[in-house]
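Topology and contacts: notes
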Amino acid sequence: MITIICAECGRAPFGATARGIFRCDFCTSELSTCDLVLDPGEVWAVDSAGTLGYLAAPDHL
C-alpha cells in the first residue's frame with residue numbers, strides 16, 4: 001500500500017476517524033474517499049493502523 005500524505009501540510013498521512021472520514025495526523029485537515037483522485041485501476045485502502053493509502057494498478061507493479 002502507498003500511503004497518502006496530506007496535500008495541505010505535506011507532513012503526515014491521513015488516519016481513519018469514527019465519522020468515516022480521514023484526518024491528517026499533523027494539521028487535522030479532513031478528507032473523504034469521494035475526494036480522492038486515483039488513476040484507473042488504483043483503489044484506496046486502509047491498513048491495520050487506520051492509515052489511508054492506495055494500491056497501484058496491477059500494470060504499474
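Up top is the structure.
Bear in mind that the values here come from a model prediction, so they are computed numbers and not experimental data. (Residues numbered from 1 in each chain as written. Predicted model: local features only at pLDDT ≥ 70, side-chain atom pairs only at ≥ 80, totals over all residues. Heavy atoms only, no water.)

Before going further, it helps to examine the pairing of strand β6 (residues 52-55). Two strands pair when backbone bridges link them, and strand β1 (residues 2-3) and β6 are joined in this way by two bridges, in the antiparallel orientation. The partner of Thr3 across the bridge, within β6, is Gly53. Note: strand β5 (residues 43-46) against β6, four bridges, orientation antiparallel. Looking across to β6, one finds that Ala45 is bridged to Gly53. (Pairing = 2+ DSSP bridges. Helix = DSSP H or I, 4+ residues; strand = E, 2+ residues; numbered from the N terminus.)

Of note in this structure, Thr28 is not a glycine but carries a positive phi near 65°. Position of Thr28 among the secondary structure elements: in the loop between β3 (22-24) and β4 (30-31). Since its relative accessible area comes to 48%, Thr28 is described here as partly exposed. (Buried < 20%, exposed > 50% of the residue type's maximum accessible area, 1.4 Å probe, protein only.)

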